[in-house]
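# Inside the fold
One letter stands for each residue in the lines below.
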Amino acid sequence: MTFRNGLNSLLRPEDSVLVLIDHQPYQLANLNSHDPQAVVNNTTALAKVAKVFGVPTILTSVVADRGGDIFPHVTEVLPDQEVIDRTFINTWEDQKVVDAVKATGRKQLIMAGLWTEICVAMPAIQAAGEGWDVTVITDASGGTSVEAHEVAIQRMIAAGINMMTWLALASEWQRDWARAETATALNDALKYHIGGSAIAYLWEQQLLNTPVPTASA
């Protein structure tokens, strides 16, 4: 295995492409590794962050007529993005998806989806074997059980796949708060999705914009 280390191993927005796989009602109904609302939140945040950095995002579902449409929380972030509906369980066997990824010209392939052990593991392992630099966002994914999710992660790590969470990815793409072209937009995207830190940030802005009371004469 080639170890992933050094500055060049970090993810860069200009080299990244995001694939969101099967964030649909059927899969969410049997999501047991995470709080379902947390996965919806994290996936929505991931889509927003990708938009901030201009990272192309491929949306794909499987048999949407039966499994349901991708969560509107996600599609509303990317209203002009076509959703590629598949019959293949393994996304990477669907040529339309692969062609859409290749058309971006990027090699850092980032994936998240439901379920981790099936719809994420299969395409991630295949793509890694074909030479793609693959990262899976674990908290925007989820499995049918804690065991299923964790075993899938172990299996993918053994295949040389990188694991991250969505906020770590956002930070890696930003890298430097002096990058003003994305810093403000990133904060605006984060403030609805990172809980206590977001509320503290909003409170800070409130305090900074509250006039200091003057003593009465």
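For the structure, check the block above.
Anyway, here's the lowdown on the structure attached to this text. (Residues numbered from 1 in each chain as written. Predicted model: local features only at pLDDT ≥ 70, side-chain atom pairs only at ≥ 80, totals over all residues. Heavy atoms only, no water.)

### A closer look at the pairing of strand 4 (residues 108-113)
Within strand 4, six of the six residues are buried, which leaves it mostly tucked inside the rest of the structure. Of the two faces of strand 4, the one lined by Gln108, Ile110 and Ala112 and the one lined by Leu109, Met111 and Gly113 are each fully buried. Judged from the six bridges that link them, strand 1 (residues 16-21) and strand 4 form a sheet pairing that is parallel. Within strand 4, the residue paired with leucine 20 across the bridge is alanine 112. Relative to strand 5 (residues 133-137), strand 4 runs parallel, the two sharing four bridges. Considered in strand 5, the bridge of glutamine 108 is made with aspartate 133. On the question of chirality, the crossover connecting strand 4 to the parallel strand 5 by way of helix 6 (residues 116-129) is right-handed. (Buried < 20%, exposed > 50% of the residue type's maximum accessible area, 1.4 Å probe, protein only. Helix = DSSP H or I, 4+ residues; strand = E, 2+ residues; numbered from the N terminus. Pairing = 2+ DSSP bridges. Right-handed = clockwise from strand over helix to strand, strands pointing away.)

### Quick look at the side chain of histidine 149
Mapped onto the elements of the fold, histidine 149 is located in helix 7 (residues 146-158). Among residues more than four places away in sequence, those in contact with histidine 149 are Ser33, His34, Thr116, Thr138, Ser141, Gly142 and Gly143. (Contact = heavy atoms within 4.5 Å.)

### What about the packing of aromatic side chains?
In this structure the tally under the stated criterion is three aromatic pairs. Residue placement shows lysine 107 over the ring face of tryptophan 132; its charged tip is 4.0 Å from the ring centre. (Phe/Tyr/Trp six-rings, centres within 6.5 Å; stacked < 30°, edge-to-face > 60°. Lys NZ or Arg CZ within 6 Å of the ring centre and 35° of its normal.)

### Considerations on the sheet that holds strand 4
An order of 3-2-1-4-5-6 is seen for the six strands of this open sheet, with the pairing classed as parallel. Among the strands making up the open sheet, the edge pair consists of strand 3 (83-86) and strand 6 (162-164). With direction set aside, neighbouring strand axes in the sheet form an average angle of 25°. Relative to the sheet, helix 2 (residues 36-52) contacts strand 1, strand 2 (57-62), strand 4 and strand 5, its axis offset from that of strand 1 by approximately 150°. Lying on the sheet, helix 6 is in contact with strand 1, strand 4 and strand 5; it crosses strand 4 at an angle near 165°. (Axes fitted to C-alpha atoms, helices over the stretch in contact; angles between N-to-C directions.)

### Details of the pattern of salt bridges
For the structure shown, the criterion picks out five salt bridges. A salt bridge links aspartate 133 to arginine 4; the shortest N-O distance between them is 2.6 Å. Taken as a pair, aspartate 133 in strand 5 and arginine 4 in the segment before strand 1 lie far apart in primary sequence, 129 residues in all. Arginine 4 gets classed as partly exposed once you look at its relative accessible area, which sits at 32%. (Salt bridge = Lys/Arg side-chain N within 4 Å of Asp/Glu carboxyl O.)

### Describing the side chain of glutamine 27
Structurally, glutamine 27 can be placed in helix 1 (residues 25-29). Ignoring anything within four residues of it in the chain, the contact list for glutamine 27 reads Asp22, Val62, Gly67, Leu114 and Trp115.

Everything listed here is a matter of geometry and, on its own, says nothing about what the molecule does.
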